[in-house]
Amino acid sequence: MNAIELQHVTKKYKDFTLSDISFEVPEGKIVGLVGENGAGKTTIIRSIMGSCHFNEGTITVMGEDSKNDSHFAQIKQAMGVVLDDGCLPILKVKDMESIFKAAYVNWNHETYLKLLNEFELPVKKNVRQLSRGQKMKLALALALSHNAKILVLDEPTGGLDPLVRDEIIEKLKDFVTNDASHSILFSSHIISDIEKICDYVAYIHKGKIQFYEEKNVLMQKVRERELPNLEEYIIAFAKEVKKNESAAH
């Protein structure tokens, strides 16, 4: 079963089109969505969450159509979301729980307190006083405290120092390792993080999926080309795509 599945999804804007997007997040797996800024990563995530209405195609989450509002509201209860830090209310850390407890029927107070302690978050501080790393840890703690089956994260490690990034990556690994029914989709432009954690990688460029492959297959291609890592492979692939675009014009 696929935790998330996109089939031929298209979203048209005045100056940008997300075009014919198809890929899936298999249950129990981690899928990384890679692409330059403006490639369409956030539009895909917003479409999955139902906050962006796409023009064509279908998105299913845990087997439910995202456009079926009555059923999809229940599915959202099983989804943990981490967006940018601007999406957190301006409250004290200790007061965040009341908002999320009201929104999620399976909210777990003990889990939340445990995660705040693990992440060493200052509970008496206002969210706006937190560093970016602390804000992302708080967002992740909130996403993990209501028995989510699926995590959807948009650039969760962007702009963080290496130690905080590793801490977040390890927590995401644990989420899937500890329960085979858990799945993750996360976007990033930090390809070393994708290489560390993902089972599948989707590369998007100018609103189109250029490849979607198992990471093991990609790593074999890295070795065949005698490249040092996945980042160098994707950079080389991106250059080839742009070269072909130039030739076409």
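The structure this text deals with has already been given above.
Residues numbered from 1 in each chain as written. Predicted model: local features only at pLDDT ≥ 70, side-chain atom pairs only at ≥ 80, totals over all residues. Heavy atoms only, no water.

A. Layout of the overall build of the protein chain. Within the protein chain, the secondary structure is distributed over nine helices and ten strands. A compact globule built from 249 residues would reach a C-alpha radius of gyration of about 18 Å, and the protein chain, at 18 Å, matches this within 12%. Its C-alpha atoms give the protein chain principal-axis dimensions of roughly 55 × 40 × 35 Å. With 249 residues in all, the protein chain has 47% of them scored as buried. For the protein chain, contacts bridging at least 24 residues in sequence account for 67% of all contacts bridging at least 6. The distance from the centre of the 32 positive side-chain charges to the centre of the 36 negative ones in the protein chain is 5 Å. (Helix = DSSP H or I, 4+ residues; strand = E, 2+ residues; numbered from the N terminus. Rg over C-alpha atoms; globule rule 2.2 N^0.38 Å. Buried < 20%, exposed > 50% of the residue type's maximum accessible area, 1.4 Å probe, protein only. Contact = heavy atoms within 4.5 Å. Lys, Arg positive; Asp, Glu negative; His and termini not counted. Charge placed at Lys NZ, Arg CZ, Asp CG, Glu CD.)

B. Layout of the packing of aromatic side chains. On inspection of all chains with the given rule, the structure shows eleven aromatic pairs. Look at Y13 and F16: their rings are 6.5 Å apart centre to centre, the planes differ by 35 degrees, and that puts the pair in the tilted class. With a relative accessible area of 18%, F16 lands in the buried category. Site record: aromatic cluster; members linked through ring pairs are F100, Y104, W107 and Y112. Over the face of the ring belonging to Y13 we find K11, whose NZ or CZ atom lies 5.1 Å from the ring centre. Over the face of the ring belonging to F54 we find K67, whose NZ or CZ atom lies 4.3 Å from the ring centre. (Phe/Tyr/Trp six-rings, centres within 6.5 Å; stacked < 30°, edge-to-face > 60°. Lys NZ or Arg CZ within 6 Å of the ring centre and 35° of its normal.)

C. Local environment of the sheet that holds strand β4 (residues 56-61). Strand order across the open sheet formed by four strands is β2-β1-β4-β5, with antiparallel pairing between neighbours. Each edge of the open sheet is held by one strand with a lone partner, namely β2 (17-26) and β5 (64-65). Sheet analysis places strand β1 (residues 2-12) next to β2, joined by seven bridges and oriented antiparallel. When the bridges of β2 are listed, N2 appears paired with P26. (Pairing = 2+ DSSP bridges.)

D. Highlighting the packing of helix α4 (residues 109-118) against helix α5 (residues 132-143). Relative to each other, α4 and α5 sit at 160 degrees, their axes nearing to 9 Å. When the axes of α4 and α5 are compared, the pair comes out roughly antiparallel. Viewed along their axes, α4 and α5 form a crossing whose handedness is right-handed. Taking contact as the criterion, the partners of Y112, L115 and L116 in α4 are, on α5, L138, A141 and L142. When grouped by side-chain class, the residues that make up the contact of α4 with α5 number six nonpolar, no polar and no charged. (Axes fitted to C-alpha atoms, helices over the stretch in contact; angles between N-to-C directions. Parallel < 35°, antiparallel > 145°, perpendicular 65-115°, else oblique. Left-handed = near helix turned anticlockwise from the far one by under 90°. Nonpolar A, V, L, I, M, F, W, Y, C, P; charged D, E, K, R; others polar.)

E. Expanded view of unusual backbone geometry. One non-glycine residue with positive phi stands out, namely H8, at about 55 degrees. Among the structural elements, H8 can be located in strand β1. Even without being a glycine, N147 presents a positive backbone phi close to 60 degrees. Among the secondary structure elements, N147 is positioned in the loop between α5 and β7 (150-154).

F. Seen up close, the environment of T43. Inspection of the secondary structure assignment puts T43 in helix α1 (residues 41-49). In this structure, the C-alpha to C-alpha distance between T43 and L91, residues 48 residues apart in sequence, is 27 Å. If sequence neighbours within four positions are ignored, T43 has contacts with K11, Y13, L18 and C52.

G. Main features of α1. A large share of α1 lies buried, amounting to seven of its nine residues. Within α1, the full set of buried residues consists of K41, T43, I44, I45, S47, I48 and M49. At the exit of α1 stands G50, carrying a positive phi of roughly 85 degrees.

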